[in-house]
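Here is what each chain is made of, one letter per residue.
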Amino acid sequence: MYSTKENVNILTALLVKEGITKAVVCPGSRNSPIVHNLCACPDIECYPVTDERSAGFVALGMSLADNEPVVVCVTSGSALLNVAPAAAEAFYQKRPLVIISADRPPQWIDQQDGQTLQQHRALEPNVRKSVTLPEPHNDEERWYCNRLVNEALNVLHLNGGGPVHINVPITEPLFDYDVMQLPDERRITVYPAVTNDTSVYEIAADFFCSKKPMVVLGQLIPEVVGNLLEPIEEIKKVAVVIQEKLADDDIGPSQPLDEALMMIEGDDSYRPDHLIYIGGTIVSKRLRQFLRKSECKMSIVVNEGGDCCDTFMHTTDIIQGSAEEVISILANETVGVEQKAFVTQWDKLFDKAKAIRNTIKPRFSQLLAIKTFHNKMREEAIDGQLFYANSSAVRLGNIFSDQYIYVNRGVNGIEGSLSTAVGYAIAHQDEEDVYCVIGDLSFFYDQNALWNESLSPNLSILLLNNGGGGIFHQLSGLERSPYRDSAIGAEHTTSAEGICQAHDIVYLSAHNEEELYENLDKFFNSEEGPVLLEVFTNVEDDAQALKDYYQAFK
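Below: a short report on this structure. (Residues numbered from 1 in each chain as written. Predicted model: local features only at pLDDT ≥ 70, side-chain atom pairs only at ≥ 80, totals over all residues. Heavy atoms only, no water.)

### Considerations on the overall build of the protein chain
Turning to step 1, where the next piece is worked out: When helices and strands are tallied, the protein chain shows 20 helices and 18 strands.
Turning to step 2, where the next piece is worked out: For the C-alpha atoms alone, the extent of the protein chain along its principal axes is close to 80 × 60 × 45 Å.
Turning to step 3, where the next piece is worked out: Counting every position in the protein chain, which comprises 554 residues, the buried fraction comes to 56%.
Turning to step 4, where the next piece is worked out: Restricting the contact set of the protein chain to residue pairs at least 6 apart, pairs at least 24 apart contribute 76%.
Turning to step 5, where the next piece is worked out: Computed over 44 positive and 80 negative side-chain charges, the separation of the two mean positions in the protein chain equals 7 Å. (Helix = DSSP H or I, 4+ residues; strand = E, 2+ residues; numbered from the N terminus. Buried < 20%, exposed > 50% of the residue type's maximum accessible area, 1.4 Å probe, protein only. Contact = heavy atoms within 4.5 Å. Lys, Arg positive; Asp, Glu negative; His and termini not counted. Charge placed at Lys NZ, Arg CZ, Asp CG, Glu CD.)

What follows is the structure, given as structure tokens:
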């Protein structure tokens, strides 16, 4: 029988799946659920040692003897600090110690309760990873607990390996042991350094044997994107490839991703059974939600650090390698693979969505402004680099752009979008034009980017001004707050005209469709240096235009 504590059972189950067979256990009441589980588990042999200082080194010796990870488990409070010398020695010897500490509930830390101190990260910097497990109360917290344990256990072997610290808060009662068996926990396997591991080739072969394979490309730097165009075309013949313009520089209409997902309304036949996710973040919240509901037999994340980035909540494997390396391997494994019905199914869906998109004529709005902007670039073969700000702007760019989009998508903040475009323009002022598409809040927040003696004449700014944070009008339920516009959405009546005058920037404006077409011509053909076109729209019209747009795909 095992403890009733879910985080303890999740941890124990994953220790077993990691193949750990030895644990050094120290006395205590708070860690008794963990010690009980380790002793009750037939796969793990326990060795009691009273002194934590000695216990850490005993575990280190066992690890040296077998060249395998070994657990040392201590109770809460200063007991953990006594393991610090052994942790430091293991760190510099790069030995895989799993240091597990029981902890008091967080609400009782620093409250003069017995055996309490700040235990999270207490052994840093002499451990490779520190995690503190939640006490789960729902599925999302169970997933989080599982993910944290996987993260810690994976670091035992990455980049030379080393000790990790898993801190386990446990509430009372402590002494209930009526769980019949450990849960079947998901173990996420890491395959390090793809060039040295044939397992990746086997994974690629298995991937293309599936009925519904899908590759999702998150944000990638343009240099990488350029190197991937040919191998990605090979992969597209036998697997569905999903990519926004943050990971695509193939000149042509953007993939109608959100539009397609609106059309299928959660149809399970479009969900992959094998998934590979490569690159950084994706903009589409709808795609993330769609994939989180997919039941994938294989769900692989690729990144150079071997990080456990479980965006879709069902990762089974992590490949530590670059996008170029892994995509090259995938492309090579497509030889002789027949096209899947799944690929044809998605191709037809995208073609249908593109056809609908081409028929839509939006009202005067930010949607129309971005569509017209990109139509103009396409018709007149205008070249240049595109920088989009976050929030509504980049979502509109993903609909209409024919080319790669730069966007600060690392943390998705609105600050610095204009400054980033300015910096790029300065660095490339004699080489190419730079177009920055930005919303009003992002622009005014970052207006000091224009207070710059190095401001380059190759910079053009398309400013979408609807008098506030337009995206807040698209969030269902927020309309119930009387403070949505004034406080939450930062409603304002500011214009960029005075800013442009102060910084010697050519200023253009559009208040209707006719002015938009007229001034876009001037915008693209200005020869007087930096230029800004401010498009004034109504926030309600913007929200309705976007609503009408997506309604057309239902």
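### Side note on empty space enclosed by the protein
Turning to step 1, where the next piece is worked out: Applying the stated criterion across every chain, the model contains two cavities of 30 Å³ or more.
Turning to step 2, where the next piece is worked out: Empty space within the largest cavity amounts to approximately 70 Å³.
Turning to step 3, where the next piece is worked out: In terms of lining residues, the largest cavity is bounded by Leu 217, Leu 220, Val 225, Leu 228, Leu 229, Ile 232, Glu 233, Lys 236, Gln 243, Ala 247, Asp 248 and Asp 250.
Turning to step 4, where the next piece is worked out: By residue number, the principal contributor to the lining of the largest cavity is helix α8 (residues 222–236), which donates six residues.
Turning to step 5, where the next piece is worked out: Here the lining of the largest cavity is built from residues that sort into seven nonpolar, one polar and four charged.
Turning to step 6, where the next piece is worked out: In this model, the second largest cavity occupies a volume close to 40 Å³.
Turning to step 7, where the next piece is worked out: What lines the second largest cavity is Phe 387, Tyr 388, Ala 389, Tyr 406, Val 407, Asn 408, Ser 417, Thr 420 and Cys 436. (1 Å grid on protein atoms, 1.4 Å probe; cavity = no way out; pocket = protein on both sides within 12 Å on 5 of 7 lines; lining within 4 Å. Points joined across faces, edges and corners; volume = space filled by probe spheres on them. Nonpolar A, V, L, I, M, F, W, Y, C, P; charged D, E, K, R; others polar.)

### A few points about the pairing of strand β11 (residues 298–303)
Turning to step 1, where the next piece is worked out: Burial analysis of β11 places six of its six residues in the buried class, which makes it a mostly covered element.
Turning to step 2, where the next piece is worked out: Burial of the side chains of β11 extends over both faces: Met 298, Ile 300 and Val 302 are buried on one face and Ser 299, Val 301 and Asn 303 on the other.
Turning to step 3, where the next piece is worked out: Pairing of strand β10 (residues 274–278) with β11, which is carried by five bridges, proceeds in the parallel orientation. Considered in β11, the bridge of Leu 275 is made with Ser 299. (Pairing = 2+ DSSP bridges.)

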